[in-house]
Amino acid sequence: MKLKKIAASIAAMAFAAGVVAKENDVGIFGTSGKGMGDHTFIQQDGAKADNIRAILKNVKMPAGFKIDLYAIVPDARDMTMAPQGTVLFVGTRKDKVWVVSDRDRDGVADEVKDFAPSLSFDVPNGVQFSKDGFLYVAERNHVRVFPAAEFFFEGPDVVAVDVVPKGELIPEGEESYNHTARVVDIGPDNKLYISLGQPYNVAPPEKLDLYKKTGIGGIIRMDRDGKNREVYTYGVRNSVGQDFHPKTGELWWTDNQVDGMGDDIPPGELNRQTKAGQHFGHPWFGGGKTRTNEYAKETPPAGIVHPAVSTTAHCADLGMAFYSGNQFPKKYKNAIFSAQHGSWNRTEPCGARVMVTFIDKDGKAKMEPFAEGWMNSNKEYDGRPMSITMMKDGSMLVSDDYAGAIYKISYVGS
Amino acid sequence: MIMPVRSTRSHTSVANHVKKTPAQAGVFYFLENKVPVNKLIIFFLSLCLSSVAIAADMANGKVLSAQCSACHGKDGLSRDPEAPNLAGLSALYIEKSLVDYQKGARHDRRMSLIAQGLKKSQIKDLSAWYSAFELTAKVPDI
């Protein structure tokens, strides 16, 4: 994109948003009140990297695929590749967004530093680039856009514009420390889709009206400047993975299900949404068709949509992305790759793997393991895959917030 | 992975930490306040009995800690932004926290569920395990 064009779109964006960032954010063309922050750089070689490479030797995948360490990125969660394909932005559940660059273009990152250190971030889990180069960052209770972040990430100060001002994503009284990781994606309709996990294990009855109105325990959508906000999805417990089918444009998303009901229920979920306003069952259903104890005697709302795939209970299905590249064998085209983070309260631990879901022409979905080996023989985690994104060359990146790393999976053939 | 864990620590040092319980501190209270000797003997007897009951099995703590490491890290350094480090916390505090989660005096969506599944002896074992980790801290230079 030419610089003139960028400047024009920044101006258009700022105008459309009609908001000047508050607090310690920068004004639209101003600088941050905090002054220059220093960048933090993450060391990419040494013992930690060697240790991770050794663990990756245990990872089993179908023939012809290989996995490498792409970058060391602390607390790595949701990822988004900038349109030019050279800079990856990575969200965390702490206070940093990391910028990962591959300057020498050898397919392995060579620099990892924090994005906009002069700004403060609060659980900036969700990151998403638009095709025209705007970086959206969804935090616990704030959504901002960084125009042309791909070109302006070198300095500590960057231009930031509020999409949803701080404190307005959810009512401030509903802010909590549970299920606060958001994901944000841009639909085929050029709108933002933002997941809002509800903070409980099972949402209590007295909160349901408020949640329905605000989209907590749901997915909301809005124009890219924050206007025309509406609830797109109801009955979500805590989703941190979503993507749009490259052909049908339908939204598919994962959901994490109710804890403490036993080892084998309720199942985890991969959902397919076919229209706005559908209800997926929480809190009447704890996952799949399993009713929650709390609402066992209540009548659920009519028209509940059950998951497209019910997954093994408590494996924690998190980030996901459709494969639309050309590098992998043909059967993976338009399949979903998703990360199972792994259980924490199951007698026989499960998860810590990458799954693949094939969808047939009738929309029927079938999930199977794709990459496994992050759980060692002591049943302890050596890593926990968290999310997936695709590179321009058709390789796949997998983030791991336990190891603090990003892996690259590519197809090299036999 | 670098694990700041002293895994060869002997049972004597576990016994050491048992000696530091408030019940023990109470002994000094009795001594300083000149409590009659017969009462003291009974107190010591009961103390011996309870010491036997609470001798922690660190090796078992290590085994049990596999279910904690997803969040608190194998090295007791947290991997989950909502979870604290456990490495080097006092055994007493770990034990108290777990009992508080169990009894509802403290509530957390996940810890309360986890604590439900732990027996008293397992709590002791886990507390002995994590309290034995050794840490060094690097204080920021400002």
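The structure displayed is predicted, hence computed values, not measured ones.

A few points about the overall build of chain B
- A tally of regular secondary structure across chain B gives eight helices and zero strands.
- When the helices and strands of chain B are read in sequence order from the N terminus, they spell out α-α-α-α-α-α-α-α.
- Across chain B, contacts joining residues at least 24 apart in sequence account for 63% of those joining residues at least 6 apart.
- Carbon and sulfur atoms form 62% of the exposed surface of chain B, whose accessible area is close to 8800 Å².

Observations regarding the overall build of chain A
- Along its length, chain A carries four helices and 27 strands.
- Since a compact globule built from 414 residues should have a radius of gyration of about 22 Å, the 20 Å found for chain A is in line with a globular shape.
- Overall size of chain A, expressed as C-alpha extent along the three principal axes, is 55 × 55 × 40 Å.
- Taking all 414 residues of chain A together, 64% fall into the buried category.
- Taking as baseline every contact in chain A between residues at least 6 positions apart, the subset at least 24 positions apart corresponds to 59%.
- Of the roughly 16400 Å² of accessible surface on chain A, 50% is carried by carbon and sulfur atoms.
- Between the averaged position of the 49 positive side-chain charges in chain A and that of its 53 negative side-chain charges there is a distance of 5 Å.

Observations concerning the sheet that holds strand 3 (residues 87-90) of chain A
All names here are of chain A.
- Strand order in the open sheet formed by four strands is 2-3-4-5, and the pairing between neighbours is antiparallel. At either end of the open sheet lies a strand with only one pairing partner, and these are strand 2 (79-81) and strand 5 (111-114). The sheet shows a mean angle of 20° between the axes of neighbouring strands, taken without regard to direction.

Remarks on the packing of helix 6 (residues 91-103) of chain B against helix 8 (residues 120-131) of chain B
Residues and elements named next belong to chain B.
- In the contact formed by helix 6 and helix 8, the axes pass within 8 Å of each other and the chain directions differ by 140°. Between helix 6 and helix 8, the crossing angle belongs to the class labelled oblique. Of the two possible hands of crossing, helix 6 and helix 8 adopt the one that is right-handed. Between helix 6 and helix 8, the contacting residues are Ala91, Ile94, Glu95, Leu98, Val99 and Gln102 on the first element and Ile123, Lys124, Ser127, Tyr130 and Ser131 on the second.
- For the contact of helix 6 with helix 8, the per-class residue count stands at six nonpolar, three polar and two charged.

A few points about the interface of chain A and chain B
- Tallying the contact residues gives 22 residues for chain A and 16 residues for chain B.
- In terms of surface lost to chain B, no three residues of chain A exceed Arg93, Trp344 and Tyr402 of chain A, which account for 40% of the buried area on that side.
- In this structure, the connection of chain A to chain B is made through two salt bridges.
- Taken together, the links from chain A to chain B amount to seven residue pairs in polar contact (both at pLDDT 80 or more).

Here's the deal with the state of the cysteines
Residues and elements named next belong to chain B.
- Inspection of the entire model under this criterion finds one disulfide over all chains.
- The cysteine Cys68 is free of any disulfide, with Cys71 supplying the nearest cysteine sulfur at 8.9 Å.
- By relative accessible area, which is 15% here, Cys71 ends up buried.

Side note on unusual backbone geometry
Residue and element names in this part refer to chain A.
- Cis geometry is found at the peptide bond from Ile265 to Pro266, where omega equals -15°.
- Take Pro266: it is sitting in the loop between strand 15 (251-255) and strand 16 (268-273).
- Here the amide bond leading from His282 into Pro283 is cis, since omega sits at 5°, within 30 degrees of zero.
- Relative to the helices and strands, Pro283 resides in the loop between strand 17 (278-279) and strand 18 (285-287).
- Phi angles above zero are rare outside glycine, and Ala116 is one such case at about 45°.

Examining the confidence of the model for chain A
Residues and elements named next belong to chain A.
- Scored by pLDDT, chain A comes out at a mean of 91, with 91% of its residues at no less than 70.
- Contacts for the low-pLDDT stretch residues 1-8, under 50 throughout, to residues beyond four places or in other chains number seven contacts.
- The low-confidence segment residues 10-35 (pLDDT under 50) makes 57 contacts with residues lying over four places distant or belonging to another chain.

Topic: the environment of Trp129 of chain B
- Inspection of the secondary structure puts Trp129 of chain B in helix 8.
- A distance of 3.3 Å separates a polar atom in the side chain of Trp129 of chain B from a polar atom in the side chain of Ser65 of chain B.

Brief notes about the sheet that holds strand 8 (residues 142-147) of chain A
All names here are of chain A.
- The strand order across the open sheet formed by four strands is 6-7-8-9, and the pairing between neighbours is antiparallel. On the outer flanks of this sheet lie strand 6 (126-129) and strand 9 (161-164), each paired with one strand and no other. This sheet shows a mean twist of 25° between the axes of neighbouring strands, independent of strand direction.
- By the bridge criterion, six bridges tie strand 7 (residues 134-139) to strand 8 in an arrangement that is antiparallel.

With respect to the side chain of Asp255 of chain A
Residues and elements named next belong to chain A.
- Take Asp255: it is sitting in strand 15.
- Buried within the structure, Asp255 lacks any salt-bridge partner; Arg237 is the closest side chain of opposite charge, at an N-O distance of 6.0 Å.
- A polar contact is formed between the side chain of Asp255 and the backbone nitrogen of Ser239, at a distance of 3.5 Å.
- Discounting residues that sit within four places of it in the chain, Asp255 has contacts with Gly235, Val236, Arg237, Asn238, Ser239, Gly268, Glu269, Asn271 and Asp317.

Let's talk about the nonpolar core
All names here are of chain A.
- Counting residues in each nonpolar core, the largest one holds 50 residues, and the members touching the most others are Phe337, Phe370, Trp374, Met396, Tyr407 and Ile409.
- With six residues, strand 1 (residues 65-72) is the largest single contributor of residues to this core.
- Contacts of Met396, omitting those with residues within four sequence positions, involve Phe328, Phe337, Val354, Phe370, Ile388, Thr389, Met390, Tyr407, Lys408 and Ile409.
- Grouped together as the second largest cluster of nonpolar side chains are 29 residues, Val143, Leu196, Tyr211 and Ile304 included.

Digging into helix 8 of chain B
All names here are of chain B.
- Its 12 residues give helix 8 an end-to-end C-alpha distance of 16 Å, which sits within 8% of 16 Å, the value for a rise of 1.5 Å per residue.
- Counting buried residues along helix 8, nine of its 12 residues qualify, which places the element largely inside the surrounding structure.
- Among the residues of helix 8, those classed as buried are Gln122, Ile123, Lys124, Asp125, Leu126, Ser127, Ala128, Trp129 and Tyr130.

Procedures and definitions
- Residues numbered from 1 in each chain as written.
- Chains lettered and ligands numbered in written order.
- Predicted model: local features only at pLDDT ≥ 70, side-chain atom pairs only at ≥ 80, totals over all residues.
- Heavy atoms only, no water.
- Helix = DSSP H or I, 4+ residues; strand = E, 2+ residues; numbered from the N terminus.
- Contact = heavy atoms within 4.5 Å.
- Areas by Shrake-Rupley, 256 points an atom, 1.4 Å probe, with all protein chains shown as cover.
- Rg over C-alpha atoms; globule rule 2.2 N^0.38 Å.
- Buried < 20%, exposed > 50% of the residue type's maximum accessible area, 1.4 Å probe, protein only.
- Lys, Arg positive; Asp, Glu negative; His and termini not counted.
- Charge placed at Lys NZ, Arg CZ, Asp CG, Glu CD.
- Pairing = 2+ DSSP bridges.
- Axes fitted to C-alpha atoms, helices over the stretch in contact; angles between N-to-C directions.
- Parallel < 35°, antiparallel > 145°, perpendicular 65-115°, else oblique.
- Left-handed = near helix turned anticlockwise from the far one by under 90°.
- Nonpolar A, V, L, I, M, F, W, Y, C, P; charged D, E, K, R; others polar.
- Buried area = accessible area lost by both parts, 1.4 Å probe.
- Salt bridge = Lys/Arg side-chain N within 4 Å of Asp/Glu carboxyl O.
- Polar contact = N/O pair within 3.5 Å; in protein donor to acceptor, adjacent residues only side chain to side chain.
- Disulfide = S-S within 2.5 Å.
- pLDDT = per-residue confidence, 0-100.
- Core = buried A, V, L, I, M, F, W, Y, C linked by side-chain atoms within 4.5 Å.
- Expected span 1.5 Å × (residues − 1).

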